[in-house]
Amino acid sequence: MKKVKKNMPRFLTQLFFFALILMISVNKNLIEMGKAGIAFLSSASLHALCPFGGIVSIYQFATVGTFVQKIHQSSFVLMFIVFLMAVLFGPVFCSWVCPLGTFQEWLGKIGRKIFGKKYNKFIPEKADKYLRYLRYVILLWVLYAIGVSGKLIFQEYDPYFALFNFWTSEVTVTSLFILALTVIASIFVERPWCKYACPYGAVLGLTNLLRVFKIKRENTTCISCDACDRACPMNISVSASGVVKNHQCISCMSCTSDQVCPVANTVEMTTTKGGVTL
Amino acid sequence: MKIKSWAMGIIILVLFFGGIGATSALNLWSTTSTKVPVKFTSGQNAGSYNPADIRGSYTFGEVSSLFNVPLEELGIAFSLNDVEDVALFKNKDLEARYESLKEQGYEVGNGSVKMFVALYSGAPYTLEDDTYLLAPAVDILKAQGTLTEDQLKFLEEHTVEFIEENTKSAITKNIEAPVEPAKEDEKVVKGNTTFQEVLDWGVSKEEIEQALGGKMPNPLTNIRDFCLKEGIEFSSIKNTLQAKIAP
């Protein structure tokens with residue numbers, strides 16, 4: 001039996017990207033105010049550093065040869081990098097990089113302290129099951145609305161943009177309201193935006209069906225303690241899976257033998273064959 | 001093959017920064033729009049940059065180097081004496097800086113920079129009625145002595161004086177009744193308007209093609225970009241389309 005340990009590499013990676021995006025956003029604002037800014041740091045807009053900007057620009061790029069307003073070539077580059085990572089390892093962007101995901105996760109620690117074992121179990125399973133597909137509806141709406149208008153309409157609703165720009169006039173009341181809702185919901189549910197509303201998570205979630213490195217559970221050594229189920233922020237029943245192909249998996253690796261699984265070599269991210277897809 | 005957490009963290013950082021580094025080396029990494037304005041293709045200004053393509057995202061430093069207007073004069077023209085680094089000041093920030101003027105209907109923004117640069121450099125430019133210049137900018141232009149009678153008359157009616165100490169009571173001089181500034185949701189053809197928006201505002205494809213004198217491109221195309229590319233005067237297309245938009 002192994003002692004459960006904190007996923008320090010993930011925590012440090014999340015912290016790094018959160019701090020980086022925050023500092024870039026502040027730097028951009030300093031420079032726009034005519035101040036000197038932080039010399040060694042980029043002053044790019046958050047739109048230029050968001051890989052989802054690449055996704056929403058595909059249609060316009062293919063038909064007109066230009067990007068959606070406020071989106072730049074860097075978004076395309078990041079889109080390809082994140083897509084490569086997702087094909088190899090699943091949606092690691094969501095669990096290791098995305099600052100909004102990190103922010104919700106940190107807020108969730110407060111909820112976990114308040115509610116203990118009840119935390120992340122407030123939504124009835126029946127409703128939850130259908131709500132998980134809401135993000136695909138949002139994805140289709142975003143792609144359609146941006147496709148026909150050529151404008152970054154999603155910015156008006158985007159809690160990620162609001163989080164790192166709430167002090168600027170660029171942020172709409174609607175996005176601040178959605179951010180506030182996300183903050184409150186994070187106290188009850190882990191990663192509510194990721195689970196129910198994130199259109200980019202919806203895209204990346206599909207790679208769980210074809211990723212090269214899969215989360216696999218070795219049935220012969222599993223002691224059915226359900227530790228993996230309890231650790232999963234997305235409420236996936238890992239103990240009932242041989243290979244996790246759930247579209248909600250974010251590849252956080254919390255369920256693995258490297259982290260919470262008490263038996264070595266039982267739940268792992270691996271290319272080796274084995275496990276049964278349920 | 002198995003992946004552990006530490007390896008995953010390292011792989012993510014390597015893929016991210018390796019990808020950014022590689023695309024930077026190939027000149028594919030760009031976090032801003034290409035800041036190269038279109039050039040005049042005919043006339044005595046052929047080959048030089050067209051001030052009509054100056055964007056709100058341009059900094060004064062970029063405008064200065066692209067159009068050979070001394071940075072110091074740009075700073076004086078737009079009264080940026082309190083700005084730490086004028087070269088980093090963006091055109092689009094003029095609107096916020098002179099918000100009190102905008103509230104009174106006298107907009108000083110990116111259009112003002114275009115107009116100033118065009119008149120300063122003697123480039124062809126259609127003066128637009130809803131664009132104003134600050135008094136120091138007009139003084140600089142007059143001192144050059146190259147303005148035509150019509151331009152001088154236009155400037156007399158489009159000069160605005162800004163009093164910093166009392167922004168709410170900024171006074172204006174020699175100006176006509178102001179043109180109401182456009183609000184975000186108003187149906188106004190601007191520099192970033194696409195053909196799709198004009199279609200959405202009730203103008204038919206046939207009417208647009210009539211105004212263009214040719215086929216309309218993909219509706220997602222920016223009207224100003226299209227006009228500049230095709231050598232069509234944006235302001236006249238803008239006015240024609242604006243007239244067709246239902247109030």
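Residues numbered from 1 in each chain as written. Chains lettered and ligands numbered in written order. Predicted model: local features only at pLDDT ≥ 70, side-chain atom pairs only at ≥ 80, totals over all residues. Heavy atoms only, no water.

Trainee: Requested: an account of a nonpolar patch on the surface, with residues and values cited.
Mentor: On the surface, Phe122, Ile123, Leu131, Leu134, Val137, Ile184 and Phe188 of chain A cluster together into a nonpolar patch covering about 570 Å² of accessible area. Note on placement: phenylalanine 122 of chain A falls in the loop between helix H5 (99-115) and helix H6 (125-131). (Patch = residues over 30% accessible without salt bridge, like charges linked within 9 Å, V, L, I, M, F, W, Y side chains within 5 Å. Areas by Shrake-Rupley, 256 points an atom, 1.4 Å probe, with all protein chains shown as cover. Salt bridge = Lys/Arg side-chain N within 4 Å of Asp/Glu carboxyl O. Helix = DSSP H or I, 4+ residues; strand = E, 2+ residues; numbered from the N terminus.)

Trainee: I'd love a proper account of the interface of chain B and chain A, names of residues and values included.
Mentor: Taken residue by residue, the interface counts 39 residues in chain B and 50 residues in chain A. A buried area of about 3,600 Å², summed over both sides, lies between chain B and chain A, and 67% of it is on carbon and sulfur atoms. Three residues, Ser5, Phe16 and Leu220 of chain B, lead the burial of chain B against chain A; their summed loss comes to 18% of the area buried on that side. For the pair chain B and chain A, the number of links is three salt bridges. Across the pair lysine 2 of chain B and glutamate 268 of chain A runs a salt bridge whose closest N-O atoms are separated by 3.2 Å. (Contact = heavy atoms within 4.5 Å. Buried area = accessible area lost by both parts, 1.4 Å probe.)

Trainee: How would you sum up the domain arrangement of chain A? Please name residues and give values.
Mentor: All names here are of chain A. Domain annotation for chain A reports domain 1 (8-207) and domain 2 (213-278). Look at where the C-alpha atoms of domain 1 and domain 2 centre, and you get two points 26 Å apart. Contact with domain 1, which involves 19 residues of that partner, is made by 14 residues of domain 2. A buried area of about 1,500 Å², summed over both sides, lies between domain 1 and domain 2, and 49% of it is on carbon and sulfur atoms. The tally of links between domain 1 and domain 2 comes to zero salt bridges. At the boundary of domain 1 and domain 2, one finds 15 residue pairs in polar contact (both at pLDDT 80 or more). Secondary-structure elements contributing two or more residues to the side of domain 1 that touches domain 2 are helix H3 (73-89), helix H4 (92-97), helix H7 (134-149) and helix H10 (192-196). Ranked by residues supplied to the side of domain 1 that touches domain 2, first place goes to H4 with four residues. (Domains from an automatic or database assignment. Polar contact = N/O pair within 3.5 Å; in protein donor to acceptor, adjacent residues only side chain to side chain.)

Trainee: Break down empty space enclosed by the protein for me, citing the residues and quoting the values.
Mentor: All names here are of chain A. Under the counting rule described, the total for this entry stands at four cavities of 30 Å³ or more. Here the largest cavity defines a volume of roughly 110 Å³. If you go around the largest cavity, you meet 16 residues; those closest to its centre are Cys232, Val238, Cys249, Cys252 and Cys255. Residues that form the lining of the largest cavity fall into these classes: 14 nonpolar, two polar and no charged. Taken as a whole, the second largest cavity holds about 80 Å³ of empty space. In terms of lining residues, the second largest cavity is bounded by 15 residues, among which Cys222, Cys225, Cys228, Cys261 and Val267 are the most central. Among the residues making up the lining of the second largest cavity, the classes are represented as nine nonpolar, four polar and two charged. (1 Å grid on protein atoms, 1.4 Å probe; cavity = no way out; pocket = protein on both sides within 12 Å on 5 of 7 lines; lining within 4 Å. Points joined across faces, edges and corners; volume = space filled by probe spheres on them. Nonpolar A, V, L, I, M, F, W, Y, C, P; charged D, E, K, R; others polar.)

Trainee: Tell me about the domain arrangement of chain B, and please be specific about residues and values.
Mentor: All names here are of chain B. In terms of domain boundaries, chain B breaks down into domain 1 (1-31), domain 2 (51-169) and domain 3 (195-244). Contact residues are listed per partner, giving eight residues for domain 2 and six residues for domain 3. Carbon and sulfur atoms make up 36% of the surface buried where domain 2 meets domain 3, a total of about 540 Å² over both sides. The largest share of the area that domain 2 buries against domain 3 comes from Arg55, Thr126 and Glu128, three residues that together contribute 62% of it. The tally of links from domain 2 across to domain 3 stands at one salt bridge. Notably, a salt bridge pairs lysine 238 with glutamate 128, separated by 2.7 Å at the nearest N-O pair.

Trainee: Please set out the pattern of salt bridges residue by residue, giving values where relevant.
Mentor: What the rule picks out here adds up to 14 salt bridges over all chains. Within this structure, Arg10, Glu105 and Arg191 of chain A form a network of salt bridges that share partners.

Trainee: Pulling in residues and values, what's your account of the nonpolar core?
Mentor: Phe52, Phe93, Tyr200 and Met269 of chain A together with Met8, Ile12 and Phe16 of chain B are the most contacted members of the largest nonpolar core, which has 78 residues in total. Looking at this core element by element, the count peaks at nine residues for H3 of chain A. Residues contacting phenylalanine 16 of chain B, with those up to four places away along its chain left out, are Phe17, Leu78, Ile81, Val82, Met85, Phe93 and Val97 of chain A. One finds Leu119, Tyr120, Leu133 and Ala137 of chain B within the second-largest nonpolar core, a separate group that totals 37 residues. (Core = buried A, V, L, I, M, F, W, Y, C linked by side-chain atoms within 4.5 Å. Buried < 20%, exposed > 50% of the residue type's maximum accessible area, 1.4 Å probe, protein only.)

Trainee: Before we move on, could you go through the sheet that holds strand E1 (residues 214-217) of chain A and cite the residues and values that matter?
Mentor: Read from one edge to the other, the open sheet built from three strands follows the order E1(A)-E2(A)-E1(B), with strand pairing classed as antiparallel. The two strands at the open ends of the sheet, each matched to only one other strand, are E1 of chain A together with strand E1 (2-3) of chain B. (Pairing = 2+ DSSP bridges.)

Trainee: How would you sum up the environment of valine 14 of chain B? Please name residues and give values.
Mentor: Residue and element names in this part refer to chain B. Topologically, valine 14 is positioned in helix H1 (residues 5-25). Its relative accessible area of 53% is what places valine 14 among the exposed residues. Through-space distance from the C-alpha of valine 14 to that of lysine 244 is 54 Å; in sequence the pair is 230 residues apart.

Trainee: Give a description of the environment of glycine 191 of chain B that names residues and reports values.
Mentor: All names here are of chain B. Here glycine 191 lies in the loop between strand E3 (159-160) and helix H9 (195-200). With a relative accessible area of 25%, glycine 191 lands in the partly exposed category. C-alpha of glycine 191 to C-alpha of serine 48: the two residues are 143 residues apart in sequence and 21 Å apart in space. Other than its neighbours up to four places away in sequence, glycine 191 contacts Asn222, Arg224 and Phe234.

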